[in-house]
Amino acid sequence: MKMPKIVLISALVSCALLSGCKDDKPSTVTIEFMHSSVEQERQAVITQLIQRFEKENPTITVKQVPVEEDAYNTKVITLARTGALPEVIEISHDYAKVMDKEQLLDRAAIAEVIKTVGEQVFYDGILRVVRTEDGSAWTGVPVSAWLSGVWYHKDALAAAGIAEPQNWDQLLQASQQLNDPAKKRYGIALPTAESVMTEQSFSQFALSAGANVFDDKGNVTLNTPEMAKALTFYRALAATTMPGSNDVMEIKDAFMNGSAPMAVYSTYILPAVFKEGNPANLGFVVPRETSSAVYGMITSLTITNGQTEDETKAAEKFVAWMEQAQNATDWVMMSPGAALPVNKGVVETDTWKRNEVIKAFGQLPYELIAQFPNVQVFGAVGDKNFTRMGDVTGSGIISSMVHNVTVGKQDMTATLTDSQKRLATLISQR
C-alpha cells in the first residue's frame, strides 16, 4: 500500500529533526603517510599494506607520499612551514629529535600507540634510543633498525692466523698485520671523509671508551681525555685503511672486492654479500674498550602535531596496525638482512623464517638482533637524549674533527681544542 504523499513528506521532515534518523554511514577520514621508499618494488609492498589496512578500516584512507631520501629532511621542513605535514612520517631517530625540538610531533599520540602495542613487544634497548630529551615520551614508534660494526671475511683472517678481534688492541693488531699498501691490500676499510658515516663509525669507538658529545648537564665534552683516547685509536686504525677520504662507496667496494678483509659498515652490507659474495664467510664483531658500543639507526613511524582529532586517531590506528607482527615483517622484508626487526614478533613469522636471505646467513641475523641492548648514540646520556644532537650532526663538526686528524694529519690537541670551541659556539646559538 502506498503512503499518501503528504504523510510521506511529514515523515521525512520529522526524521530529519530526530537524531535517531541520521544516516548511519560512518564518516571517512584521509591521512597521508610520508616515507622514503621511492623504489617501485618497495612502493608495491607499502601499497599492499595500505590496501590491507583500508580493508580492515573502511573509514580510513591512507595516501602515500614517497620522497627521495636526499630531499627528505628538506621536504619535512617545507611541509611544516606550510602547515601541510603528513599525519604519519617514516623518520630516523636522529632527525626525529629535530622534529621534536621544533614541536612537530604529537607525543601523546605516539605514547598512545606504544601503549596499545605494548612496550614489551620491542627488543630491549630500542625504545631507549627514541626517548625524548626529558625521558618522559618517545619521538616515534620503532618499526626497523640497522646496525654498524666491524665486518670481516672469515677466510682472510683464518689464513693469516688471526682470531676474531674482541677489543681495540686486537683489532688494531689484526689490521696492521693484514695491511700491505704496496700491494693495494689494506687492513680495514674505515670511514674518514667529512660525512655522517664517519661520525657514526667514530661514535662507536668514542662511546666504547666512555667519551660523548655532552655530559649529563648538556655541556659540550669533545676535548676530554676519553675523546682524545678514541681519536688517537681511530687515527692509528685509519693508518691501515685506503688513502684519501673514504665514504660509503669506497668502504663497500674495498670490502666486497677483498682489498680490505675488514670494514666498518652497516647491516646494508648483507644484501651485497648475499648477491655477490659468500654469506657463510661473513663475520661481525664489536670490539670493545671499556664497554660494548654498537651504532644503530632506529627507523620509526611518527605522528605529527596540528592534525584534527579524527586524523590523529586514524594515524594512531594505522601506526598500531603496522606494528602487528606480519605487517611489521612485510615492512622489514623490503630490505631483508639490511633492515632488522625491532618487533619481537617478526622472527616468529613464516615470512621471516623462510626468507632466502635470512636463511643464507644462518645465526648472524639473530646475533645482530642480540646487539640491540648495546646500541649507543652520541647525545644520549643516561636517561637524557639531547635533541640538540641533530644540530651537531648537521654541522659536520665531529666528522671534520676525525677527517682532520686522519686524512689531514693535523695536530690532535689543536684539533680537539678547536672542535670543542666550534661546537660550544654552535650550541650557544641554538
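Just so it is clear, the model here is predicted, and its values are computed rather than measured.

Criteria and thresholds
Residues numbered from 1 in each chain as written. Predicted model: local features only at pLDDT ≥ 70, side-chain atom pairs only at ≥ 80, totals over all residues. Heavy atoms only, no water. Helix = DSSP H or I, 4+ residues; strand = E, 2+ residues; numbered from the N terminus. Buried < 20%, exposed > 50% of the residue type's maximum accessible area, 1.4 Å probe, protein only. Contact = heavy atoms within 4.5 Å. Lys, Arg positive; Asp, Glu negative; His and termini not counted. Charge placed at Lys NZ, Arg CZ, Asp CG, Glu CD. Phe/Tyr/Trp six-rings, centres within 6.5 Å; stacked < 30°, edge-to-face > 60°. 1 Å grid on protein atoms, 1.4 Å probe; cavity = no way out; pocket = protein on both sides within 12 Å on 5 of 7 lines; lining within 4 Å. Points joined across faces, edges and corners; volume = space filled by probe spheres on them. Nonpolar A, V, L, I, M, F, W, Y, C, P; charged D, E, K, R; others polar. Salt bridge = Lys/Arg side-chain N within 4 Å of Asp/Glu carboxyl O. Polar contact = N/O pair within 3.5 Å; in protein donor to acceptor, adjacent residues only side chain to side chain.

Draft legend 1. Structural view of the overall build of the protein. From N to C terminus, the protein includes 20 helices and nine strands. Judged by the C-alpha coordinates and their principal axes, the protein covers about 105 × 50 × 35 Å. Sorting the 430 residues of the protein into buried and exposed places 53% on the buried side. Summarising the internal contacts of the protein: among those between residues at least 6 apart in sequence, 77% fall at separations of at least 24. Averaging the positions of the 38 positive and the 49 negative side-chain charges in the protein gives two centres separated by 2 Å.

Draft legend 2. Geometry of the side chain of Gln371. Residue placement: Gln371 occurs in the loop between helix H17 (364-369) and strand E8 (380-381). By relative accessible area, which is 18% here, Gln371 ends up buried. With sequence-adjacent residues up to four places away left out, Gln371 is seen in contact with Leu147, Phe284, Val286 and Val294.

Draft legend 3. The packing of aromatic side chains, seen in detail. On inspection of all chains with the given rule, the structure shows 15 aromatic pairs. Ring centres 5.4 Å apart and planes at 65° place the aromatic pair Phe33 and Phe318 in the edge-to-face group. Placement of Phe33 in strand E1 (residues 29-35) and of Phe318 in helix H13 (residues 309-322) is noted, with a sequence separation of 285 residues between them. Relative to Trp321, the ring of Phe53 has its centre 5.6 Å away and its plane inclined at 65°; by these criteria the two rings are edge-to-face.

Draft legend 4. How the structure looks around the environment of Met34. Positionally, Met34 belongs in strand E1. For Met34, a relative accessible area of 0% translates into the label buried. Sequence spacing of Met34 and Glu90 is 56 residues, and the spatial spacing of their C-alpha atoms is 6.2 Å.

Draft legend 5. Structural context of the layout of surface pockets. Here the largest pocket defines a volume of roughly 1700 Å³. In terms of lining residues, the largest pocket is bounded by 47 residues, among which Glu69, Ser92, Trp146, Gln200 and Met297 are the most central. For the lining of the largest pocket, the residue count by class is 19 nonpolar, 16 polar and 12 charged.

Draft legend 6. Molecular detail of the pattern of salt bridges. Under the criterion given, the structure shown has nine salt bridges. Close ionic contact of Glu39 with Arg42 constitutes a salt bridge, the shortest N to O distance being 3.9 Å. Relative accessible area serves as the criterion here: at 32%, Glu39 is assigned to the partly exposed category. Between Lys313 and Glu316 there is a salt bridge, with its nearest N and O atoms 3.9 Å apart. Of this pair, Lys313 and Glu316 both sit in helix H13, three residues apart, which is roughly one turn of the helix. Lys313 gets classed as partly exposed once you look at its relative accessible area, which sits at 44%. Among the ionic contacts, a cluster of salt bridges with common partners joins Asp100, Arg107 and Asp134.

Draft legend 7. Focus on unusual backbone geometry. The backbone of Lys184 shows a phi angle near 55°, a positive value even though the residue is not glycine. Along the polypeptide, Lys184 turns up in the loop between helix H8 (168-178) and helix H9 (196-208). Residue Lys184 is classed as exposed on the basis of its relative accessible area of 62%. At Lys409, a residue that is not glycine, the phi angle is positive and equals roughly 55°.

Draft legend 8. Fine view of the side chain of Ser400. The residue Ser400 is located in helix H19 (residues 397-406) in this model. Within the structure, Ser400 has its side chain in polar contact with the backbone oxygen of Gly396 (distance 2.9 Å). Ignoring anything within four residues of it in the chain, the contact list for Ser400 reads Glu194 and Arg422.

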